[in-house]
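What the coordinates show
Residue strings, one per chain:
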Amino acid sequence: MLLLGIDLGTSSIKVSVVDAQSQECVGTASYPETESDIISLHPGWAEQSPDQWWVYVQQAILKCNAAGKYNPKDISAIGIAYQMHGLVVVDKEQQVLRNSIIWCDSRAVEIGNKAFHEIGEETCLSQLLNSPGNFTASKLAWVKENEPAVYDKIDKVMLPGDFIAMKMTGDCTTTMSALSEGIFWNFKENKISDDIINYFGFDKSVFPTIHPLFAPHGYLQDIVAAQLSLTAGIPVSYKAGDQPNNALSLNVLKPGEVATTAGTSGVIYGVCDELNYDLQSRINSFAHVNHERNKKRIGVLLCINGTGIFNRWMKNIAGANHTYHGLNEAASNIPVGSEGIIALPFGNGAERMLNNLIIGSHFHNIDFNIHTTAHMVRAVQEGIAFSFRYGLDIMRENGINPTVVRAGKANLFLSDVFTQSFANVSNTAVEFYEGDGSFGAAIGAGIGAGIYKNAETALQNRKPVGIVGPAAVKQYDELYEQWKERLNDQLNKINQTNPVSFSLS
């Protein structure tokens with residue numbers, strides 16, 4: 001019995017086929033071959049085409065099938081992980097009305113901040129666990145305000161994973177977890193938030209039917225099954241945002257456990273058993289995959305937009321003759337501290353942990369007579385690690401105090417420079433596990449289809465395959481203070497002309 005996991009990322013679609021009994025990955029593929037584009041029509045905007053996502057999902061599955069390592073007809077259930085907070089809108093014929101406004105788009109920041117103040121900061125934080133910020137609800141409000149002709153045609157509002165499931169099954173469904181990440185969910189009343197609906201003037205009919213996260217969300221249509229050589233009628237039995245799903249894949253399910261990723265964006269994701277929130281909404285809280293009304297499991301998420309995308313930008317600047325592996329090797333030969341270069345990695349839209357400010361990315365102290373491409377690569381990766389420390393300190397203020405975090409050996413964690421910098425500056429060990437988001441989505445499909453009893457039993461045999469512990473902590477603390485001083489300089493410049501205030505204390 002096989003399980004298909006789909007990971008709808010910003011850069012590409014990744015699929016894995018997992019043997020349900022052994023939990024071994026028997027096939028994997030990604031599509032497209034090059035990283036997907038982000039459409040940015042104006043500064044701070046970020047969009048992608050949902051229809052293009054669907055093409056890529058199909059191509060990734062066909063590519064995986066073509067390897068001949070399994071019989072596609074043996075796949076019994078499908079799970080989907082997806083980039084969080086994106087807005088997808090379709091009409092009554094399930095046709096996409098506009099490009100998806102994705103997670104790193106900043107156009108709705110002012111709309112969300114205004115809602116935060118006018119609904120009431122205490123109300124938002126205690127009931128929604130977040131400011132509306134630039135999350136999905138605020139993006140929908142932007143469409144309502146700026147594209148009324150589009151808004152009037154909307155039949156259903158979905159998160160990216162809901163859209164892919166709809167294309168597979170023909171059914172529009174969503175989950176409490178998805179609604180919470182869109183800032184539509186009232187945790188105190190355990191329903192869609194009347195405050196959000198009434199403030200923005202939304203109609204509740206635009207929301208799909210709410211299903212449990214681990215449950216059938218529809219069954220594979222005949223025409224889709226034929227196109228993909230799969231069995232018609234198998235369930236799409238799991239949908240989750242990429243960060244809760246990553247935590248699932250790393251067996252981060254209990255209060256106090258913490259996961260991290262460093263892909264296009266960087267995330268630290270901890271689990272707690274209280275309705276936890278940050279007074280300034282610099283970190284955000286959503287329903288975790290195993291959250292229940294009477295057994296709270298809240299995912300507390302720190303997100304840094306400008307991580308892997310900054311590393312990719314550096315690779316592009318370095319030139320087509322360079323590979324990530326080659327640049328990582330070159331950076332490892334540069335002394336700790338990059339011989340004075342300081343890099344701020346905040347060039348991918350508004351950063352929540354910086355109160356939704358857009359400060360841009362910056363390099364400091366470049367010396368044309370000393371510094372090389374390798375110096376800049378190391379500075380980029382150290383700067384990203386320092387930004388994780390900055391966010392982790394905020395999480396520590398809010399009761400998340402990890403001494404170890406779990407990660408997959410992927411993306412920036414393939415770099416020894418980044419991995420050791422992360423461990424050193426955060427004074428936190430990193431445990432590595434095999435598998436990735438598509439693996440987690442496959443296991444989630446098995447849970448939702450009843451192949452596994454629950455999430456805890458499905459993942460009870462997961463063991464780390466390596467660990468990197470902190471070293472040279474004092475040296476990195478000194479470098480971090482220098483980095484933070486540069487960051488504070490940038491924040492002060494912006495706050496002098498555009499002050500950010502929060503009335504809660």
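How each quantity is defined
Residues numbered from 1 in each chain as written. Predicted model: local features only at pLDDT ≥ 70, side-chain atom pairs only at ≥ 80, totals over all residues. Heavy atoms only, no water. Helix = DSSP H or I, 4+ residues; strand = E, 2+ residues; numbered from the N terminus. Rg over C-alpha atoms; globule rule 2.2 N^0.38 Å. Buried < 20%, exposed > 50% of the residue type's maximum accessible area, 1.4 Å probe, protein only. Contact = heavy atoms within 4.5 Å. Areas by Shrake-Rupley, 256 points an atom, 1.4 Å probe, with all protein chains shown as cover. Lys, Arg positive; Asp, Glu negative; His and termini not counted. Charge placed at Lys NZ, Arg CZ, Asp CG, Glu CD. Disulfide = S-S within 2.5 Å. Axes fitted to C-alpha atoms, helices over the stretch in contact; angles between N-to-C directions. Parallel < 35°, antiparallel > 145°, perpendicular 65-115°, else oblique. Phe/Tyr/Trp six-rings, centres within 6.5 Å; stacked < 30°, edge-to-face > 60°. Lys NZ or Arg CZ within 6 Å of the ring centre and 35° of its normal. Core = buried A, V, L, I, M, F, W, Y, C linked by side-chain atoms within 4.5 Å. Pairing = 2+ DSSP bridges.

What follows concerns the overall build of the protein. A count of helices and strands for the protein gives 17 helices and 22 strands. Since a compact globule built from 505 residues should have a radius of gyration of about 23 Å, the 22 Å found for the protein is in line with a globular shape. Each principal axis of the C-alpha distribution contributes one length, and for the protein these read about 65 × 55 × 40 Å. Out of the 505 residues in the protein, the part that is buried amounts to 60%. In the protein, the proportion of contacts linking residues at least 24 apart, taken out of those at least 6 apart, comes to 74%. For the protein, the exposed surface amounts to about 19400 Å²; the carbon and sulfur share of it is 46%. If the 38 positive side-chain charges of the protein are averaged to one point and the 51 negative ones to another, these points end up 3 Å apart.

Applying the stated criterion to the full structure yields zero disulfides. Counting only cysteine sulfurs, C25 is the nearest neighbor of C64, a cysteine outside any disulfide, at a range of 7.1 Å. In this model C303 remains outside any disulfide bridge; the closest cysteine sulfur is found in C104, 9.0 Å from its own. On the basis of relative accessibility, which here comes to 8%, the residue C303 falls in the buried class.

Glancing now at the packing of helix α2 (residues 109–119) against helix α3 (residues 121–128). Remark: α2 packs on α3, axes separated minimally by 5 Å, with the N-to-C direction vectors making an angle of 100 degrees. In terms of axis orientation, α2 runs roughly perpendicular to α3. Along the contact surface, α2 presents A115, F116, H117 and I119, while α3 presents E121, T123, C124 and L125.

If you trace the backbone, F116 turns up in helix α2. Along the chain, F116 and G133 lie 17 residues apart, while their C-alpha atoms are 7.5 Å from each other.

So, on to the packing of aromatic side chains. Using the criterion set out here, one finds 22 aromatic pairs in the structure. One aromatic cluster is present, built from ring pairs that chain together F184, Y199, F200, F202 and F207. Between R107 and the ring centre of W45, over which it is positioned, the NZ or CZ distance is 3.7 Å. Its end group placed over the ring of W142, R107 keeps NZ or CZ at 4.6 Å from the ring centre.

Looking now at the nonpolar core. Counting 102 residues, the largest nonpolar core has L140, F202, F346, Y390, F418, W483 and L487 as its most contacted members. No other element matches helix α13 (residues 373–397), which puts eleven residues into this core. Apart from the residues within four sequence positions on either side, F346 is in contact with I304, E351, M353, L354, I359, G360, S361, S387, W483 and L487. Core analysis: the second largest hydrophobic core is formed by 42 residues, L8, A29, A60 and V224 among them.

If you walk across this open sheet you meet the five strands as β3-β2-β1-β5-β13, and the pairing is mixed. Taken across any chain shown, the strands that pair with only one partner, and hence form the sheet edges, are β3 (25–31) and β13 (236–241). Between one strand and the next, the sheet's axes are offset by a mean angle of 15 degrees, whatever the strand orientation. Pairing of strand β2 (residues 13–19) with β3, which is carried by six bridges, proceeds in the antiparallel orientation. Bridging from a neighbouring strand, I13 pairs with Y31 of β3. Packed on one face of the sheet, helix α1 (residues 50–66) meets β1 (2–8), β2 and β3 and runs near 140 degrees to β3. Of the strands in this sheet, β1, β2, β5 (75–82) and β13 are in contact with helix α15 (residues 437–448), which crosses β1 at around 130 degrees.

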